[in-house]
Amino acid sequence: MEIRINHLIEGAKQAEGLVVIIDVFRAFSLECWLYAMGAKEIRPVGAIGDALSWREKDPEAVLIGERHGRKLDGFDFGNSPSTVNPEAIRGKRIIHTTSAGTQGVTNAVHAEEILTGSFVNAQAIAGYIRQRNPETVTLVCMGKEGLAPAEEDELCALYLRSLLTGEDMPDIDERLQTLRAGGGRHFFDPDLQDVFPEKDFWMCIDRNRFSFVIRIESTDDGLVSVKTDF
Ligand SMILES: O=C(O)[C@H](CS(=O)(=O)O)OP(=O)(O)O
């Protein structure tokens, strides 16, 4: 198995084989939490307008999205796992658009198969990939808005690679803690708590909390993030 690490939107466009689109803060940690809250289905979309138009097809759909981290006008929730209301999620179709994560899945046009990537289900992702045993795996670090590298996504790619190769990464918990002063420092800024609450940080680094993977599938209505127990 050849394991490649790609970066940002361009890296998603070029990714081949089984592709893992990594977005730790916060899109793909959030999608795992949404399934844990009982979401019926999650649809990742690129354009804000495409997300809004889902309301006509499904008036019950819950719209979740951000640009520059902030909740979008006309949406129900921002991209924040700690501020979505589980009662509003249970049994519902979720439409999800973000500046990095969902752009990655819509741009991974050469992928044979796409998984979402995060720390909250990393072990399950590695187990699934080992079982599939593809020739090529591309881990794509989506970064900030898909345009600049983000420490947490790079770390998640190294962690996934270590799980796949069997190399040890004994300092992973220590390295996750250092994100508090690095890639996740905005979650500790008192002036940004309305956009980036501290609790989101802890929910996104809750390593291996979930034992399912999220596979991206294509349907006539666009992409769907499918929870796959593993
Ligand atoms: O909502 C988030 O935390 C990020 C904002 S940004 O792209 O890092 O500026 O969105 P996401 O698509 O989840 O990375």
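Residues numbered from 1 in each chain as written. Predicted model: local features only at pLDDT ≥ 70, side-chain atom pairs only at ≥ 80, totals over all residues. Heavy atoms only, no water.

### Structural notes on the overall build of the protein
Next, step 1: Helix and strand counts for the protein stand at nine helices and 10 strands.
Next, step 2: For 230 residues, the compact-globule estimate of 2.2 N^0.38 gives 17 Å, and the C-alpha radius of gyration of the protein, at 16 Å, lies within 12% of that figure.
Next, step 3: Taking the principal axes of the C-alpha coordinates as reference, the protein spans close to 45 × 45 × 30 Å.
Next, step 4: Per element, the accessible surface of the protein, about 9900 Å² overall, is 46% carbon and sulfur. (Helix = DSSP H or I, 4+ residues; strand = E, 2+ residues; numbered from the N terminus. Rg over C-alpha atoms; globule rule 2.2 N^0.38 Å. Areas by Shrake-Rupley, 256 points an atom, 1.4 Å probe, with all protein chains shown as cover.)

### Some words on helix α2 (residues 27-36)
Next, step 1: With respect to burial, α2 is a largely interior element, nine of its 10 residues being buried.
Next, step 2: Buried within α2 we find A27, F28, S29, L30, E31, C32, W33, L34 and Y35.
Next, step 3: With its phi angle positive at about 100°, G38 sits one or two positions after the end of α2. (Buried < 20%, exposed > 50% of the residue type's maximum accessible area, 1.4 Å probe, protein only.)

### Notes on the pairing of strand β4 (residues 62-67)
Next, step 1: Within β4, five of the six residues are buried, which leaves the element mostly enclosed by the surrounding structure.
Next, step 2: Summarising the sheet, β4 and strand β6 (residues 93-97) pair through four bridges and their orientation is parallel. Residue I64 lies in a different strand from β6, and its bridge partner there is H96.
Next, step 3: Two elements, β4 and strand β5 (residues 70-71), share two bridges in a ladder whose sense is antiparallel. Paired with E66 across the bridge in β5 is K71.
Next, step 4: Joining the antiparallel neighbours β4 and β5 is a turn of two residues, in which H68 adopts a positive phi near 55°. (Pairing = 2+ DSSP bridges.)

### Focus: the site of the ligand
Next, step 1: Taken together, 14 residues surround the ligand, and among them D23, R26, N79, T98 and A100 come closest.
Next, step 2: Within the side chain of D23, a nitrogen or oxygen atom sits 2.7 Å from an oxygen atom of the ligand.
Next, step 3: Within the backbone of F25, one N or O atom sits 3.1 Å away from an oxygen atom of the ligand.
Next, step 4: Protein chains bury 92% of the 350 Å² of accessible surface belonging to the ligand in isolation.
Next, step 5: Taken together, the residues that form the shell around the ligand break down as four nonpolar, five polar and five charged. (Near = heavy atom within 4 Å. Polar contact = N/O pair within 3.5 Å; in protein donor to acceptor, adjacent residues only side chain to side chain. Nonpolar A, V, L, I, M, F, W, Y, C, P; charged D, E, K, R; others polar.)

### A word on the nonpolar core
Next, step 1: Ranked by size, the top nonpolar core spans 34 residues in total, and within it V20, I22, F25, L115, F119, I129 and L160 carry the most contacts.
Next, step 2: At seven residues, helix α7 (residues 151-165) tops the list of elements feeding residues into this core.
Next, step 3: Residues M37, V62, I64 and F77 belong to the second largest nonpolar core, which totals 19 residues. (Core = buried A, V, L, I, M, F, W, Y, C linked by side-chain atoms within 4.5 Å.)

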